[in-house]
Amino acid sequence: MPFDAAKYGPWAVITGGSEGVGRCFALRLAQAGINLALVARKPEPLEEAAQLCREYGVGVRVLATDLADPSAADQVAALVDDVEVGLLIHNAGANSHSAEFLDGDLEAFGAVVDLNITTPMALVHHFGAGMRERRRGGILLVGSLSGYLGSTRHTVYSGVKAFGRMFAESLWLELRDYDVDVVELVLGVTRTPAMARVGLSFDVPGMTVSEPDDVAREGLDALGSGPIHVIEAHRRLAEAHSNPDRAVTALRNDQAMRKLMAQTEAHRR
């Protein structure tokens, strides 16, 4: 269903709001007249995004912080403690430590958990309480197809994204009777700076690539029809990854991923 700005606001909090899909969320909400609190790690692109949004006449606050930090949720709450937040979009959640588990750094894996589980839990707990009391609001959690099956070098990341899916489904059940919308927006390969930084080539023949603004539009339109919305371009992949024979599914995906990474490396040369 089309995004209904009257149901949300007057303020929205967007984590990872400085670039890619997060920036597109911000611009679309600014056009709809919703004030914004944008949170991201790097101050320069964060302020650039804020300036673009201010051109639509809305209020914009920014917070440059590492969302894996234990104090991050409290910092976000303090940023908007004097206004009513009707929409929370947790878009931050990249795989910041891609390594085979036993060869990786345990502390760095812990940061992946904090970014994708600990901080969004705290944010939902804080902002969701107000939404439930007002019987109005929305929570959009950005997920990944990685949460549908295990993958080498994504041992922890796949696990946290699987948690996110169950978390969203459970929240949807708990909050639907209070008219608070919950949806997890599941992304596949998307043309974002974050995916480019991990070395992914978007020009590999046969690979389906979503555009950030299309993803943001589809996500906002899906807010009232949760609990899970897989981006349409990647829906078939999610269905294929849900095969109950997990050994066959995981091995088949592993072969496909190894082929994709080899193609990406060859294309970059």
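Our subject in this report is the structure included herewith.

Conventions adopted
- Residues numbered from 1 in each chain as written.
- Predicted model: local features only at pLDDT ≥ 70, side-chain atom pairs only at ≥ 80, totals over all residues.
- Heavy atoms only, no water.
- Phe/Tyr/Trp six-rings, centres within 6.5 Å; stacked < 30°, edge-to-face > 60°.
- Helix = DSSP H or I, 4+ residues; strand = E, 2+ residues; numbered from the N terminus.
- Buried < 20%, exposed > 50% of the residue type's maximum accessible area, 1.4 Å probe, protein only.
- Lys NZ or Arg CZ within 6 Å of the ring centre and 35° of its normal.
- Lys, Arg positive; Asp, Glu negative; His and termini not counted.
- Salt bridge = Lys/Arg side-chain N within 4 Å of Asp/Glu carboxyl O.
- Contact = heavy atoms within 4.5 Å.
- Axes fitted to C-alpha atoms, helices over the stretch in contact; angles between N-to-C directions.
- Parallel < 35°, antiparallel > 145°, perpendicular 65-115°, else oblique.
- Left-handed = near helix turned anticlockwise from the far one by under 90°.
- Nonpolar A, V, L, I, M, F, W, Y, C, P; charged D, E, K, R; others polar.

### Details of the packing of aromatic side chains
Taken as a whole, this structure holds two aromatic pairs when the rule is applied. Each ring, one from phenylalanine 163 and one from phenylalanine 167, has its centre 5.5 Å from the other, and the planes form 15°; the classification is stacked. With phenylalanine 163 and phenylalanine 167 both in helix α5 (residues 155-175) and four residues apart, this pair spans about one turn of that helix. Owing to a relative accessible area of 31%, phenylalanine 163 belongs among the partly exposed residues under this scheme. For phenylalanine 167, a relative accessible area of 19% puts it in the buried group. When the ring centre of tyrosine 148 is taken as reference, the NZ or CZ atom of arginine 165 above it lies at 3.8 Å.

### Here we look at the side chain of glutamate 218
Position of glutamate 218 relative to the elements: it lies in helix α7 (residues 212-221). At 4.6 Å, arginine 217 is the nearest oppositely charged side chain to glutamate 218, a buried residue that forms no salt bridge. The contacts of glutamate 218, once residues within four sequence positions are left out, are His229, Val230, Ile231 and Glu232.

### Here's the deal with the pattern of salt bridges
Scanning the model with the defined rule gives eight salt bridges in all. A salt bridge links aspartate 181 to lysine 7; the shortest N-O distance between them is 2.8 Å. Within this pair, whereas aspartate 181 is found in strand β6 (residues 180-187), its partner lysine 7 is found in the segment before β1 (11-15), the two being separated by 174 residues in sequence. For aspartate 181, a relative accessible area of 12% gives the class buried. Exposure remark for lysine 7: the relative accessible area of 31% places this residue in the partly exposed category. Through salt bridges with shared partners, one network takes in Glu84, Arg134 and Arg136.

### Topic: the packing of helix α1 (residues 20-31) against α7
α7 packs onto α1 with a crossing angle of 60° between their chain directions and a minimal axis gap of 8 Å. Between α1 and α7, the angle falls in the class oblique. Relative to α7, α1 is oriented so that their crossing is right-handed. Contact residues: α1 offers Gly20, Val21, Cys24, Phe25, Arg28 and Leu29, while α7 offers Pro212, Asp213, Val215, Ala216, Arg217 and Leu220. By residue class, the composition of the contact of α1 with α7 is eight nonpolar, one polar and three charged.

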